[in-house]
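# Residue-level structural notes
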Amino acid sequence: MTNKPSNLEQRISERRDPSDTVGDAGELAGLIAADRDAANLDKAYARLGQMLNGWRRLPDSVDFRAFHTNTAGAVAADVEYRALVAHETGHAPDVIGLTAEQALQLTREYAKTDDAIRAAAGPLPAVDWNALKSRISAAVRNEAAESDPHHERTILLPAAGAPNHSDKNRNSGTAGRRFRRPLQRFTMPLSAAAAVAIAATLWFQRGQPITPTPAPLAVNRIVVQLGAPTTTGSVQIAFDESPMTTVLAEELPTRGAAIAIGPGFDEAAALPDDALWQ
Amino acid sequence: MSDAAQPGLQDADSAAQDAEAVARTLAGDTRAFDLLIERYQRRAVAVAYRLLGNINDAMDVCQDAYVRAFRSLASIQDPQRFGSWLMRIVSNLALNFRRDRKQTLSLSMDDDGPGLNAGSLADERTFEGGSAGGDSLQAGELEQAINKAIAQLPEKQRLALILFAIEGLPQKEVAEILDCSLELVKWNVFQARKTLKDKLAEYLES
């Protein structure tokens with residue numbers, strides 16, 4: 001073919017587009033008819049157009065009535081939310097979809113609801129946190145007692161008031177009521193060990209504000225030491241609770257994973273990450 | 001009316017109606033916004049669905065787009081162009097959603113090793129173009145090939161192709177949605193088509 005336009009392929013690709021994108025349709029048709037390559041291109045783009053028209057068509061099952069309802073509901077909820085945020089942050093409610101009067105009325109209604117909830121809710125019932133602590137400890141010991149005897153487990157329970165519990169003390173057997181005995185061997189998945197740590201976390205987070213530690217230097221902590229997982233997925237766990245003056249990074253177990261939990265997360269957060277998870 | 005046959009977003013009448021609905025909404029009549037939801041929901045969901053390949057994701061993205069449009073309604077420059085403006089929001093949110101989803105998948109696979117969650121990006125099978133013989137296996141293979149080829153297009157090309165060549169929006173409106181010139185729309189559509197023609201060559205011969 002002679003005198004083939006440089007943009008022939010683009011023109012062919014646009015041939016079936018709405019008319020404003022096509023140049024001289026007659027001239028293009030003539031070019032296609034006279035040139036086999038151009039004709040093949042034309043066929044390919046026609047087929048491509050067919051394929052694309054069938055690609056990802058909306059399923060018939062789409063429920064646009066429900067979509068409309070849900071979307072209108074989401075918009076209305078957003079209006080209320082922004083009116084309340086404006087109210088709580090002390091800004092004048094200037095929200096599309098609400099007049100100032102409507103916004104004020106809305107915030108009054110929510111304020112009434114808040115008051116009603118506060119009035120209905122009594123004080124937090126007294127909780128015996130020591131009893132809860134005992135229950136957790138007992139549950140851990142019971143589980144160990146009933147577990148598979150083929151793996152070793154160590155539980156550390158130092159005496160209250162022990163000045164510290166470095167690895168040295170822990171291994172020496174001199175720290176008060178601490179005992180260490182090879183209990184029945186068991187296999188514990190890592191997730192179960194993590195659950196114990198989480199339970200201990202929740203206990204201490206909730207317990208401390210109500211029963212603050214009387215002695216300024218005796219800070220209650222729990223150190224849960226997870227032994228390195230074996231190739232079979234089992235781990236060892238050491239559960240150590242006692243009042244202690246401080247927990248330093250170097251005092252934490254170096255083998256496996258360890259979690260140090262203090263009365264507040266401020267102190268725990270002060271420890272370097274690699275001390276918390278080694 | 002089918003999605004493909006739906007006309008451009010803004011003919012003269014609908015543009016005027018859009019402007020009126022926007023004005024009424026800004027004046028506090030939230031029911032006026034319902035008209036705008038109804039008018040563009042099918043188009044919005046269709047475009048999001050073409051971009052995402054999952055109808056639930058598409059509807060979530062579109063709902064979010066409407067909420068954002070409502071919030072920002074006072075900032076719209078030309079209320080008569082509400083449809084294009086909304087489609088720009090839908091497109092941007094869908095592309096962001098797609099990027100986030102890819103990133104999540106990538107992180108997940110880093111954690112779990114190859115093979116896990118590999119189906120998370122799998123698209124729903126809704127191909128109707130079909131192969132010549134209508135064989136479902138071939139249609140599925142073709143659909144996957146199109147998905148893959150379109151997914152590999154640059155975003156602007158992909159959007160231009162979907163909005164103009166598949167959804168049938170006028171180029172002028174596509175240019176508004178993509179915030180580029182008419183010529184650039186044409187160029188992007190052509191480049192997308194050319195790439196697809198090459199990548200899908202084996203399917204185009206039948």
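Source: prediction; values computed, not measured.

About the criteria used
- Residues numbered from 1 in each chain as written.
- Chains lettered and ligands numbered in written order.
- Predicted model: local features only at pLDDT ≥ 70, side-chain atom pairs only at ≥ 80, totals over all residues.
- Heavy atoms only, no water.
- Helix = DSSP H or I, 4+ residues; strand = E, 2+ residues; numbered from the N terminus.
- Buried < 20%, exposed > 50% of the residue type's maximum accessible area, 1.4 Å probe, protein only.
- Contact = heavy atoms within 4.5 Å.
- Areas by Shrake-Rupley, 256 points an atom, 1.4 Å probe, with all protein chains shown as cover.
- Bend = angle between axes of the 7 residues up to and from the residue.
- Polar contact = N/O pair within 3.5 Å; in protein donor to acceptor, adjacent residues only side chain to side chain.
- Buried area = accessible area lost by both parts, 1.4 Å probe.
- Salt bridge = Lys/Arg side-chain N within 4 Å of Asp/Glu carboxyl O.
- Nonpolar A, V, L, I, M, F, W, Y, C, P; charged D, E, K, R; others polar.
- 1 Å grid on protein atoms, 1.4 Å probe; cavity = no way out; pocket = protein on both sides within 12 Å on 5 of 7 lines; lining within 4 Å.
- Points joined across faces, edges and corners; volume = space filled by probe spheres on them.
- Domains from an automatic or database assignment.
- Core = buried A, V, L, I, M, F, W, Y, C linked by side-chain atoms within 4.5 Å.
- Axes fitted to C-alpha atoms, helices over the stretch in contact; angles between N-to-C directions.
- Parallel < 35°, antiparallel > 145°, perpendicular 65-115°, else oblique.
- Left-handed = near helix turned anticlockwise from the far one by under 90°.

### Regarding the overall build of chain A
Each helix and strand in chain A was counted, giving ten helices and four strands. Reading chain A from its N terminus to its C terminus gives the helix and strand order α-α-α-α-α-α-β-α-α-β-β-β-α-α. The burial tally for chain A puts 40% of its 278 residues in the buried class. For chain A, the proportion of contacts with a sequence separation of at least 24, taken over those separated by at least 6, is 61%. Carbon and sulfur atoms make up 55% of the accessible area of chain A, which totals about 15900 Å².

### Here's the deal with the overall build of chain B
Summing up its helical and strand segments, chain B has nine helices and zero strands in all. Along its sequence from the N terminus, chain B presents helices and strands in the succession α-α-α-α-α-α-α-α-α. Counting over 206 residues, chain B shows a buried share of 51%. Taking the intrachain contacts of chain B between residues at least 6 apart in sequence as the baseline, contacts between residues at least 24 apart amount to 64%. For chain B, the accessible surface area stands at approximately 9600 Å², while carbon and sulfur atoms represent 48% of it.

### Some details on helix H2 (residues 30-52) of chain B
Residue and element names in this part refer to chain B. Considering bend angle alone, the principal kink of H2 is centred on Tyr40 and spans about 50 degrees. Backbone nitrogen of Arg31 and a side-chain oxygen of the N-cap are separated by 3.1 Å at the start of H2; the cap is Asp29. One or two steps after H2, the chain reaches Gly53, where phi turns positive at roughly 75 degrees.

### A few points about the environment of B:Ser14
Structurally, B:Ser14 can be placed in helix H1 (residues 12-26). A sequence separation of 25 residues divides B:Ser14 from B:Arg39, and the C-alpha atoms of the two residues are 9.1 Å apart.

### Examining the interface of chain B and chain A
In this complex, chain B contributes 60 residues to the contact, which on the side of chain A involves 37 residues. With both chains or domains summed, chain B and chain A bury close to 4400 Å², and 65% of this area falls on carbon and sulfur atoms. There are three salt bridges connecting chain B and chain A. The partner of A:Asp17 in a salt bridge is B:Arg193, with the nearest N and O atoms 2.6 Å apart. There are nine residue pairs in polar contact (both at pLDDT 80 or more) connecting chain B and chain A. For the side of chain B that touches chain A, the secondary structure elements donating two or more residues are H1, H2, helix H3 (55-71), helix H5 (136-151), helix H6 (155-166), helix H8 (182-199) and helix H9 (201-204) of chain B. Among the elements that take part in the side of chain B that touches chain A, H2(B) stands out by supplying 13 residues, more than any other. Of the residues belonging to the side of chain B that touches chain A, the class tally is 33 nonpolar, 14 polar and 13 charged.

### What about empty space enclosed by the protein?
With the rule as written, the count across this model stands at three cavities of 30 Å³ or more. Put simply, the largest cavity is a space of about 40 Å³. Surrounding the largest cavity, A:Trp55, A:Arg56, B:Arg50, B:Leu51, B:Arg98, B:Asn147, B:Ile150, B:Ala151, B:Arg158 and B:Ile162 form its lining. For the lining of the largest cavity, the element with the most residues is H5(B), which contributes three residues. Tallied by class, residues from the lining of the largest cavity come to five nonpolar, one polar and four charged. Structurally, the lining of the largest cavity is a two-domain feature, drawing no fewer than three residues from each of domain 1 (1-109) and domain 2 (115-206) of chain B.

### Brief notes about the nonpolar core
B:Phe33, B:Phe82, B:Leu161, B:Leu196 and B:Leu200 are the most contacted members of the largest nonpolar core, which has 89 residues in total. The element contributing the most residues to this core is H2(B), with twelve residues. A domain split of this core shows at least three residues from each of domain 1 (1-109) and domain 2 (115-206) of chain B. Residues within four places of B:Phe33 in sequence aside, it is in contact with A:Val75, B:Thr25, B:Tyr66, B:Ala69, B:Phe70, B:Leu73 and B:Phe82.

### Examining the pattern of salt bridges
According to the stated counting rule, one finds 18 salt bridges over all chains in the structure shown. Here A:Asp78 makes a salt bridge to A:Arg82, at a shortest N to O gap of 2.9 Å. With a gap of four residues between them, A:Asp78 and A:Arg82 both fall in helix H4 (residues 64-88), about one helical turn apart. One salt bridge in this structure joins B:Asp18 and B:Arg39, with 2.2 Å as the shortest N-O distance. Of this pair, B:Asp18 sits in helix H1 while B:Arg39 is found in helix H2, placing the two residues 21 residues apart along the sequence.

### Quick notes on the environment of B:Cys62
Structurally, B:Cys62 is set in helix H3. Classification of B:Cys62 by relative accessible area gives buried; the value is 0%. Sequence-wise, B:Cys62 and B:Val45 are 17 residues apart; in three dimensions their C-alpha atoms are separated by 6.2 Å. Every residue in contact with B:Cys62, bar those within four places of it in the chain, is listed here: A:Phe67, B:Ala44, B:Val45, B:Ala48 and B:Val90.

### Topic: the packing of H4(A) against helix H5 (residues 100-120) of chain A
Residue and element names in this part refer to chain A. One can describe the packing of H4 onto H5 by two numbers: an axis separation of 9 Å at closest approach and a directional angle of 80 degrees. In terms of axis orientation, H4 runs roughly perpendicular to H5. When H4 is examined against H5, the residues Glu80, Ala83, Leu84 and His87 are found in contact with a partner set consisting of Ala103, Leu106, Thr107 and Tyr110. Looking at side-chain class alone, the contact of H4 with H5 contains five nonpolar, two polar and one charged residues.

### Remarks on the packing of H6(B) against helix H7 (residues 171-178) of chain B
For any two helices packed against each other, the geometry is given by the interaxial angle and the distance between the axes. Residues and elements named next belong to chain B. It is at 10 Å that the axes of H6 and H7 come closest, and there the two elements cross at 145 degrees. Read as a crossing pair, H6 and H7 show a hand that is right-handed. Of the residues in H7, those in contact with Lys156, Leu159, Ala160, Leu163 and Phe164 of H6 are Gln171, Val174, Ile177 and Leu178. Residue composition of the contact of H6 with H7, by class: seven nonpolar, one polar and one charged.

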